[in-house]
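Examination of the molecular architecture
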Amino acid sequence: MAMIVSNTTPKLLKESNRSHYEMIRSFVKWIKQFKNSTFMGWNNLEFDQLYFRSTLFQNFEYPYLTTTNGAKEGDIMNLARAANLYYPGTLKNEKNSKGNLVYKLDSMSELNGVSHKEKHTGIGDCEATLGIAQIIKKLSLIHISEPTRRYAISYAVVCLKK
């Protein structure tokens, strides 16, 4: 699926002869153009960003690109938890056997009427994450002071530019 999201083909990969290190260098160059941005995703602070930092570190790159030089990180899942904590019933959730709310993106998006093409794919998870964020924003529970634009996506992280 990553090849579909990035418009890459097996033929292109074979012909490029690019090493993992070169690919990471290209990605670092690409991500540096988003200065003063906030990088958001679903559970990205506990998963995606840890993997991302580890990959950067292993390739001799600065591992905190998304938290320095004006960049910030956030997590829509944590925002959804806060919305339901302070405004119960804001979002529809499944409950586990102990009666606790479940914050699985696929079930939450379905319960809240967020349609996305494919579950558990990069673009599908981004669409679902963005949909949940839009529900919270529509309820005026968060305020974004300037218009945001959706940029290219890596893993399941949505980059919102101030």
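The following refers to the structure shown. Small disclaimer: the values here were computed from a predicted structure and weren't measured.

What counts, and where the lines are drawn
- Residues numbered from 1 in each chain as written.
- Predicted model: local features only at pLDDT ≥ 70, side-chain atom pairs only at ≥ 80, totals over all residues.
- Heavy atoms only, no water.
- Helix = DSSP H or I, 4+ residues; strand = E, 2+ residues; numbered from the N terminus.
- Salt bridge = Lys/Arg side-chain N within 4 Å of Asp/Glu carboxyl O.
- Buried < 20%, exposed > 50% of the residue type's maximum accessible area, 1.4 Å probe, protein only.
- Axes fitted to C-alpha atoms, helices over the stretch in contact; angles between N-to-C directions.
- Left-handed = near helix turned anticlockwise from the far one by under 90°.
- Contact = heavy atoms within 4.5 Å.
- Nonpolar A, V, L, I, M, F, W, Y, C, P; charged D, E, K, R; others polar.
- Polar contact = N/O pair within 3.5 Å; in protein donor to acceptor, adjacent residues only side chain to side chain.
- Pairing = 2+ DSSP bridges.
- Right-handed = clockwise from strand over helix to strand, strands pointing away.

Let us look at the environment of L79. Note on placement: L79 falls in helix α5 (residues 76-86). Between the alpha carbons of L79 and I136 there is a distance of 8.4 Å; along the sequence they are 57 residues apart.

Before going further, it helps to examine the pattern of salt bridges. Under the definition given, this model contains three salt bridges. Ionic pairing is found between E61 and R25, a salt bridge with its closest N-O pair at 2.5 Å. Remark: R25 occurs in helix α3 (residues 20-31) and E61 occurs in the loop between α4 (48-58) and β2 (72-75); sequence separation between them is 36 residues. Of the residues examined, E61 reaches a relative accessible area of 10% and is grouped as buried. Relative accessible area serves as the criterion here: at 41%, R25 is assigned to the partly exposed category.

Another point: unusual backbone geometry. Its identity is not glycine, yet F60 carries a phi of approximately 60°, on the positive side. Looking at the element boundaries, F60 is found in the loop between α4 and β2. Take F60: its relative accessible area is 74%, and that puts it in the exposed class. A positive phi angle, close to 55°, is found at N69, a residue other than glycine. Accessibility expressed as a relative area gives 72% for N69, which makes it exposed.

Next up on the list: the packing of α5 against helix α7 (residues 122-138). Running from N to C, α5 and α7 point in directions that differ by 35°, and their axes come no closer than 10 Å. The crossing of α5 and α7 is left-handed. Where α5 approaches α7, its residues I76, L79 and A80 are matched on the opposing element by T129, I132, A133 and I136. Its residues assigned to classes, the contact of α5 with α7 shows six nonpolar, one polar and no charged.

Moving on, we come to the side chain of S107. Here S107 lies in helix α6 (residues 105-111). A distance of 3.2 Å separates a polar atom in the side chain of S107 from the backbone oxygen of K104.

Right, let's get into the pairing of strand β1 (residues 37-41). Consecutive side chains along a regular strand alternate between the two faces of the sheet. Counted residue by residue, β1 has five buried out of five residues, so it is predominantly covered. Burial along β1 is two-sided: the face carrying S37, F39 and G41 and the face carrying T38 and M40 are both buried. In terms of strand pairing, β1 meets β2 through four bridges, oriented parallel. When the sheet's bridge partners are listed, T38 is paired in β2 with K72. As a crossover connection, the stretch from β1 through α4 into β2 is right-handed.

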